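Structural characterization, general
What follows is each chain in one-letter form.
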Amino acid sequence: MSGVRASRCAGPPAVGAAGFRLPRRGSGSERAAAVTAGTHRVGILVYDGVTLLDVAGPAEVFKEANRFGADYRIVLLSPTGADVTTNLGVRVAADGALSRAPAVDTLLVAGSDRFPRAQVPADLADAVRTPATAAGRVASICTGAFVLAAAGLLDGKRATTHWKVTHELAARYPTSRVEPDAIYVRDGTTYTSAGVTAGIDLALALVEEEDHGPDVARDVARALVVYMQRAGGQSQFSAPLQGPPPRSPALRTITDLVTANPRGDHSLGELAKHLNVSTRHLTRLFHDELSTTPARYVENIRFDMARALLDQGHSATQAATLAGFPSYESLRRVFARKLSISPAAYQRRFSTTRRTGAG
């Protein structure tokens, strides 16, 4: 068995219909001499409601690596051994039960959009616990981190998950140190990755850093037309800052003022004058209710506006001016600190999917 290739269907199959199987045997012409001796067994946990791309993305990386000399054997394992229905209604055939399968070298736990809206079922967490401790390494894709955490496998460890639910993971499992901006996190032999396609980033990192080196990983990335290493963290994909309005009417007056006119003079002294309070008192209000400073709040509002302007097609210089930044350079520094990329790089990724010359 040399990898996983998703079959192609003419249309979306009905739930309960005969599902597709991810074949596990590739053609001999795709196999090269093994880069390192020995077969590496990769078990991917699947269950009802699992996100299909969380399964297929990493599997495709390992399958493609087999064309360049690796020897990954991929098996899909469900808690009971029964076939499962993914989030798309596509049925996936399991190769067996996780609890009864031979130990794997790598155990991948795919995520589901059911988490964290619902608690991880006890039987799912229980199914993972023992096989994970027996595996050489364990990794989660997207909200699969909630499954690992529910099984106690992230206690005392650094971890990440999809940017939308990092705060929920941190609140629900406070013994784990959640890193909201990471694409993937390694803590010992435990790996966690951000949302959906970050599973591809993680799989490439495993191929490169632990198994077969940069040459094989680079060949895989080129074949799949993906970045070998994505620039920046996952904050670049997140939505603009949102949160509950301040409880204090006085502070709400200030936040409404800044939001309505980010370009205004919003120095600490000017903001304090609007309320006829001391700068110290205003700073304390921001700290107590919003856990930030007035200056950082103003910067965040301007940053969100600048991102929206870049999305709309404004140049980086125009975005800086319209959002209230004193210069392009000040906007660039904020982007570098928050997203680890420049405004221009951000705009190339997110402003539009329309190509130059498209009708």
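The notes below deal with the structure included here.

Reading the values: rules and limits
Residues numbered from 1 in each chain as written. Predicted model: local features only at pLDDT ≥ 70, side-chain atom pairs only at ≥ 80, totals over all residues. Heavy atoms only, no water. Salt bridge = Lys/Arg side-chain N within 4 Å of Asp/Glu carboxyl O. Buried < 20%, exposed > 50% of the residue type's maximum accessible area, 1.4 Å probe, protein only. Helix = DSSP H or I, 4+ residues; strand = E, 2+ residues; numbered from the N terminus. Expected span 1.5 Å × (residues − 1). Pairing = 2+ DSSP bridges. Right-handed = clockwise from strand over helix to strand, strands pointing away. Contact = heavy atoms within 4.5 Å. Axes fitted to C-alpha atoms, helices over the stretch in contact; angles between N-to-C directions.

Here we come to the pattern of salt bridges. Under the definition given, this model contains 18 salt bridges. A salt bridge links Arg 73 to Asp 71; its shortest N-O distance comes to 2.9 Å. Here Arg 73 falls in the partly exposed class, since its relative accessible area comes to 25%. Residue Asp 71 is classed as buried on the basis of its relative accessible area, which comes to 10%. A salt bridge links Asp 126 to Arg 129; its shortest N-O distance comes to 2.9 Å. Of the two residues, Asp 126 and Arg 129 both sit in helix α2 (residues 122-134), 3 residues apart, roughly one turn of that helix. Through salt bridges with shared partners, a single ionic network connects Glu 60, Lys 63, Glu 64 and Arg 67.

Now for helix α1 (residues 52-66). Here α1 spans 21 Å end to end across 15 residues, near enough to the 21 Å set by a 1.5 Å rise per residue. Most of α1 is tucked away, with 12 of its 15 residues classed as buried. Looking at α1, one finds that the buried residues are Leu 52, Asp 54, Val 55, Gly 57, Pro 58, Ala 59, Val 61, Phe 62, Lys 63, Glu 64, Ala 65 and Asn 66.

Here we take up the pairing of strand β1 (residues 40-45). Taking burial as the measure, the 6 residues of β1 include 5 buried ones, the bulk of the element. Examined bridge by bridge, β1 and strand β2 (residues 72-78) share 6 bridges and lie parallel to one another. Looking at β2, one finds that Arg 41 is bridged to Arg 73. Between the parallel elements β1 and β2, the chain passes through α1 in a crossover that is right-handed.

Spatially, 7 strands are ordered β5-β2-β1-β6-β7-β11-β10 in an open sheet, and the strand pairing comes out mixed. Strands at the two margins of the open sheet, each flanked by one partner only, are β5 (96-97) and β10 (184-187). In this structure, β1 lies alongside strand β6 (residues 106-109), joined through 4 bridges in parallel fashion. Bridging across to β6, Leu 45 finds its partner in Val 109. With respect to the sheet, α1 is in contact with β1, β2 and β6, its orientation differing from that of β2 by roughly 160 degrees. Where helix α5 (residues 198-224) meets the sheet, its contacts fall on β1, β2, β7 (137-140), β10 and β11 (190-193), and the angle it forms with β11 comes to roughly 150 degrees.

Relative to the assigned elements, Thr 166 resides in helix α4 (residues 166-172). Its relative accessible area of 3% is what places Thr 166 among the buried residues.

Residue Pro 116 follows Phe 115 across a cis peptide bond; omega there is 10 degrees. With phi around 55 degrees, Cys 142 is a residue other than glycine that occupies positive phi space. Along the chain, Cys 142 turns up in the loop between β7 and α3 (144-150). Overall, the relative accessible area of 8% leaves Cys 142 in the buried class.

Turning our attention to α2. Buried residues of α2: Leu 124, Ala 125, Ala 127, Val 128, Pro 131 and Ala 132, and no others. Buried residues along α2 sit against β1, β6, β7 and α3.

Purely spatial values, then, with no claim about function.
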